[in-house]
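For reference, the chains in residue letters:
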Amino acid sequence: MKIRKCSTPLCCLVLGLLVMTMACVSSKERIETLHRQALVWDCHNDLSYRVLYEKLDISQRLPGGHVDIPRLKEGGVDVQTVALFIQNFLFPDRCASQARQLLAAMLKAIEQNSDQVELARTGSDIERIVAAGRIAMPLAIEGGHAIENSLENLREFHRLGVSSMTLTHNVTHDWADSGADEPRWGGLNQLGRDVVREMNRLGMVIDISHVSDETFFDVIEISEDPVIASHSGCRTLNPHSRNMSNEMLRALAENGGVIGIVFVLPFLTPEYLEAMNELEAVGSPWFQQVPPIEDLELRIAMEHLNAGLNWPLENLPTIEDVLNHIDHAVKIAGVDHVGLGADMYPRTPSPVGIRGVQDYPHITRGLKKRGYSDKDIRKIMGGNFLRVWKQVTESGAPSSD
Ligand SMILES: [Zn+2]
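Each value, and the rule that gives it
Residue numbers restart at each chain and count upward from 1, following the sequence in its written direction. Restriction of local features to residues with pLDDT of at least 70 applies here, the model being predicted, together with a cutoff of 80 or more for giving and counting side-chain atom pairs; totals for whole chains, interfaces and linings are based on all residues. Excluding hydrogens and water, the side-chain values take into account all heavy atoms of the structure. Helical segments are the DSSP runs of H or I of at least four residues, strand segments are the runs of E of at least two, and each set is numbered from the N terminus. Whether two residues touch is decided by their heavy atoms; if any such pair falls within 4.5 Å, the residues are in contact. Each accessible area is a Shrake-Rupley result for a 1.4 Å probe, and residues are judged covered by the shown protein chains and nothing else. Contacts described as polar in this section are N or O atom pairs within 3.5 Å, which, within protein, must combine one atom able to donate a hydrogen with one able to accept it, while residues neighboring in sequence count only if both atoms come from side chains. The definitions used throughout rest on a 1 Å grid laid over the protein atoms alone, on which a cavity is an enclosed set of points accommodating a 1.4 Å probe that cannot get out and a pocket is an open set flanked by protein within 12 Å on both sides along at least five of seven lines; lining residues are those having an atom within 4 Å of a point. Grid points are joined across faces, edges and corners, and a volume is the space filled by probe spheres set on the points. Ten residues, namely Ala, Val, Leu, Ile, Met, Phe, Trp, Tyr, Cys and Pro, are considered nonpolar, four, namely Asp, Glu, Lys and Arg, are considered charged, and the remaining ones, Gly among them, are considered polar. For the purposes of this section, nonpolar cores are sets of buried Ala, Val, Leu, Ile, Met, Phe, Trp, Tyr and Cys residues that join through side-chain atoms within 4.5 Å. To sort residues, take the accessible area from a 1.4 Å probe on protein chains only and compare it with the maximum for the residue type: under 20% means buried, over 50% means exposed, and anything in between is partly exposed. For Na, K and Ca the donor cut-off is 3.2 Å; for every other metal, N, O and S atoms count as donors within 2.8 Å. Water does not enter the count, which can leave sites looking incomplete. With axes taken as lines fitted to C-alpha atoms, and helix axes fitted only over the stretch in contact, angles between N-to-C directions fall between 0 and 180 degrees. In these notes the angle categories are as follows: under 35 degrees is roughly parallel, over 145 is roughly antiparallel, 65 to 115 is roughly perpendicular, and the rest is oblique. Crossing handedness follows the turn of the near helix against the far one: under a right angle anticlockwise gives a left-handed crossing, and clockwise gives a right-handed one. We define a salt bridge as a side-chain nitrogen of Lys or Arg found within 4 Å of a carboxyl oxygen belonging to Asp or Glu. Note on aromatic contacts: the rings of Phe and Tyr and the six-membered ring of Trp form a pair at centre separations within 6.5 Å, being stacked when their planes are under 30 degrees apart, edge-to-face when over 60 apart, and tilted otherwise.

1. Some thoughts on the overall build of the chain
Then step 1. Counting its regular elements, the chain contains 15 helices and eleven strands.
Then step 2. Here the contacts in the chain between residues at least 6 apart in sequence split such that 71% fall between residues at least 24 apart.
Then step 3. Within the structure as shown, the chain displays about 17,200 Å² of accessible surface, and the carbon and sulfur contribution to it stands at 55%.

2. Digging into the side chain of Asp68
Then step 1. Its place among the elements puts Asp68 in the loop between α2 (47-53) and α3 (69-74).
Then step 2. Among the polar contacts made by the side chain of Asp68, one reaches the main-chain amide nitrogen of Leu62 at a distance of 2.9 Å.
Then step 3. What Asp68 contacts, discounting residues up to four positions off in sequence, is Ile58, Gln60, Arg61 and Leu62.

3. Remarks on the layout of surface pockets
Then step 1. Approximately 240 Å³ is the volume attributed to the second largest pocket.
Then step 2. When the residues that make up the lining of the second largest pocket are grouped by side-chain class, the tally is four nonpolar, five polar and two charged.

4. Section: the nonpolar core
Then step 1. Counting 93 residues, the largest nonpolar core has Met165, Ile326, Tyr360 and Ile363 as its most contacted members.
Then step 2. No other element matches helix α4 (residues 95-112), which puts nine residues into this core.
Then step 3. In this structure Ile326 touches Ile261, Val338, Leu340, Ile363, Leu367, Tyr372 and Ile380, once residues within four positions along its chain are discounted.
Then step 4. Counting 16 residues, the second-largest nonpolar core is a separate cluster that includes Val79, Ile228, Phe385 and Val388.

5. Points about the coordination of the zinc ion
Reference values for coordination geometry: four tetrahedral donors around a metal ideally subtend 109.5 degrees, six octahedral donors ideally subtend 90 or 180 degrees.
Then step 1. Binding of the zinc ion to the protein goes through Glu142 (OE), His210 (NE2) and His231 (NE2), at separations of 2.1 to 2.2 Å.
Then step 2. One chain supplies every donor for the zinc ion, spaced along it as E-x67-H-x20-H. On the criterion of sequence distance, the pair formed by Glu142 in strand β6 (residues 139-142) and His231 in strand β9 (residues 228-232) is long-range, its members being 89 residues apart. No difference in accessibility class separates Glu142 from His231, as the two residues are buried.

6. Brief notes about the packing of helix α6 (residues 151-160) against helix α7 (residues 190-202)
Then step 1. Contact geometry of α6 with α7 gives a least axis separation of 11 Å together with a crossing angle of 30 degrees. By the criterion of interaxial angle, the relationship of α6 to α7 is roughly parallel. Crossing hand, α6 versus α7: right-handed. On α7, the residues that touch Leu151, Leu154, Arg155 and His158 of α6 are Asp194, Val195, Glu198, Met199, Arg201 and Leu202.
Then step 2. For the contact of α6 with α7, the per-class residue count stands at five nonpolar, one polar and four charged.

7. Concerning the pattern of salt bridges
Then step 1. Evaluation of the coordinates by the stated rule reveals 23 salt bridges.
Then step 2. Across the pair Glu74 and Arg61 runs a salt bridge whose closest N-O atoms are separated by 2.9 Å. In this pair, Glu74 is assigned in helix α3 and Arg61 in the loop between α2 and α3, connecting sequence segments 13 residues apart.
Then step 3. Judged by its relative accessible area of 39%, Glu74 is partly exposed.
Then step 4. With a relative accessible area of 39%, Arg61 lands in the partly exposed category.
Then step 5. Overlapping salt bridges bring together Glu152, Arg155, Arg159, Glu198 and Arg201 as one network.

8. A closer look at the packing of aromatic side chains
Then step 1. All chains considered together, the criterion is met by seven aromatic pairs.
Then step 2. Between the aromatic rings of Phe263 and Tyr360, the centroid separation amounts to 5.8 Å while the plane-to-plane angle is 70 degrees, which identifies the pairing as edge-to-face. Here Phe263 is found in the loop between β10 (258-261) and α10 (265-268), whereas its partner Tyr360 is found in the loop between β11 (338-340) and α14 (361-369), with 97 residues between them in sequence. An identical accessibility class is assigned to Phe263 and Tyr360; each is buried.
Then step 3. Put simply, the rings of Trp41, Phe385 and Trp389 pair up and form one aromatic cluster.

9. Side note on unusual backbone geometry
Glycine aside, residues mostly have negative phi angles, and peptide bonds mostly take the trans form.
Then step 1. In this model, Lys55 sits at a positive phi of 50 degrees, which is unusual for a non-glycine residue.
Then step 2. Note on placement: Lys55 falls in the loop between α2 and α3.
Then step 3. One non-glycine residue, Asp343, adopts positive backbone phi at about 60 degrees.
Then step 4. Take Asp343: its relative accessible area is 14%, and that puts it in the buried class.

10. Brief notes about the environment of Thr393
Then step 1. You can see Thr393 is positioned in helix α15 (residues 374-393).
Then step 2. Take Thr393: its relative accessible area is 11%, and that puts it in the buried class.
Then step 3. When the C-alpha atoms of Thr393 and Leu202 are compared, they prove to be 7.8 Å apart, with 191 residues separating the residues in sequence.
Then step 4. If we skip the residues at most four places from it in the chain, Thr393 touches Arg121, Thr122, Gly123, Gly203 and Val205.
Then step 5. Engagement of the side chain of Thr393 in a polar contact is seen with the backbone oxygen of Trp389, the distance being 2.4 Å.

Right, here's the structure in full:
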């Protein structure tokens, strides 16, 4: 029998390309399936500000910005923690009322979209809501000054649906030192220690992003539950005070906690941090000078032009820088202790390659490309935060106690 041979090398080339294309398509589909099946959790966003002060409807694709219900669905995001950020320079007796206003606005927005989103108080709530095909929204207070030094206020917020609290924002307050301010207590004082114990008792998740290193180590020593850093990076890659040292990452892992890797540009690379510092030296906060624009490159160009600086676009932090922080945190703390906490706000740009939560499948793809197993990707994309939420929120006493 005569075997017909391929007459030209072109034939082989076409066949080869076809096989490669088919392999690519099936691997693309496999990664998409992995992303859709994984629990995807972004542990920090300030959406409540837009809801209260800009009166925006989260069921619509919002002008500019990075997060709304259509974008969350597009990006396959199952859980979006929404922070109630309390201004640092309010009169001390106005902080709890701002927290109550933000909380009421978010609860109303969630209620108005109850066919698509639901408030999640516990880990089991999250599992139930996601299984029903809706997006779970845990609420978090950002800045412990919100409780105005009152454990009763803390209990009230928990009772109303807040499941975690970042102990400080950028200002040291009456019971805890912030990493961005002068220390007053050398970490936590007696009231701060009582707050940590009360959060343990209630089953509230303690968030140590923003606190000073001393506060962090005090919390680690006192807390009986795992704690989280909802939106932080790695100091080895960028020496910003908001990022965590290797020693802190190891202590967090030993505590059973999780770091949510932040996407905020100055936390990602030292080059951008330096440029940001120069921009701030130029004048008023640069991010307030530009209206929300989704096109990242246009935003950055305008921001830098506004500040009178020339910033080459190729120097912008990218999704690869986010993946570098994930890699480093995994290397030091272990794969069971890393998650996502983007903190993308409309007036602050996101890394190149992530326009908003709609682009989170790119993170799954990037992790796969770096050799992570499906099992480890599921942990990083949300499984680790779920473990902590279940452990902490389901062990607490009722807040009315
Ligand atoms: Zn923050």
